[in-house]
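Next come the chains, spelled out residue by residue.
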Amino acid sequence: MKLKELSDGMTEDLKLMVKSSEEKQTVKQSPYVIAEMTDGDSVAQIKFWGIDKSFFDERFSVGCVMNVPVNCKTYKDTLTYSACNGYGLLHEEEYDIHDFLILPPVDPEDIY
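## Remarks on the pairing of strand E1 (residues 11-25)
Taken together, the seven bridges between E1 and strand E4 (residues 65-75) define a ladder with antiparallel strand orientation. Paired with Asp13 across the two strands is Pro69, which belongs to E4. Pairing of E1 with strand E2 (residues 31-38) involves eight bridges; the strand directions are antiparallel. Each residue of the ladder has a partner; that of Val18, found in E2, is Met37. Here E1 folds back onto E2 in antiparallel fashion, the turn holding five residues, of which Gln29 has a positive phi close to 70°.

Here you go:
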């Protein structure tokens, strides 16, 4: 399953690559992380509630691939994505890195 296939109320385990992360705070000043992540086709901002950026960055660096149970909800007429418990780093043998790379539409050898 891919990010673009999620709809309101769905929760699915997805393999996602971390592109960036930033820390935010709730109205009650609790930290959370918004990570920009890709499934190779789409990019989305996934919220990781109750953790701070240093906790996230120590475990999940930019470019790493994670298994993330993602919950999709509609908030103010927009789909939002939140990570559920059970997310973790995947080992290299559990995914194909080429699934997450943006490649040119033409084989580079054909250009020359």
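Having seen the structure, we can now continue with the description.
## Here we look at unusual backbone geometry
Not every positive phi belongs to a glycine, and Gln29 is a case in point at roughly 70°. As for its placement among the helices and strands, Gln29 is situated in the loop between E1 and E2.

Calculation notes
Residues numbered from 1 in each chain as written. Predicted model: local features only at pLDDT ≥ 70, side-chain atom pairs only at ≥ 80, totals over all residues. Heavy atoms only, no water. Pairing = 2+ DSSP bridges. Helix = DSSP H or I, 4+ residues; strand = E, 2+ residues; numbered from the N terminus.

The values are spatial; any link to function lies outside them.
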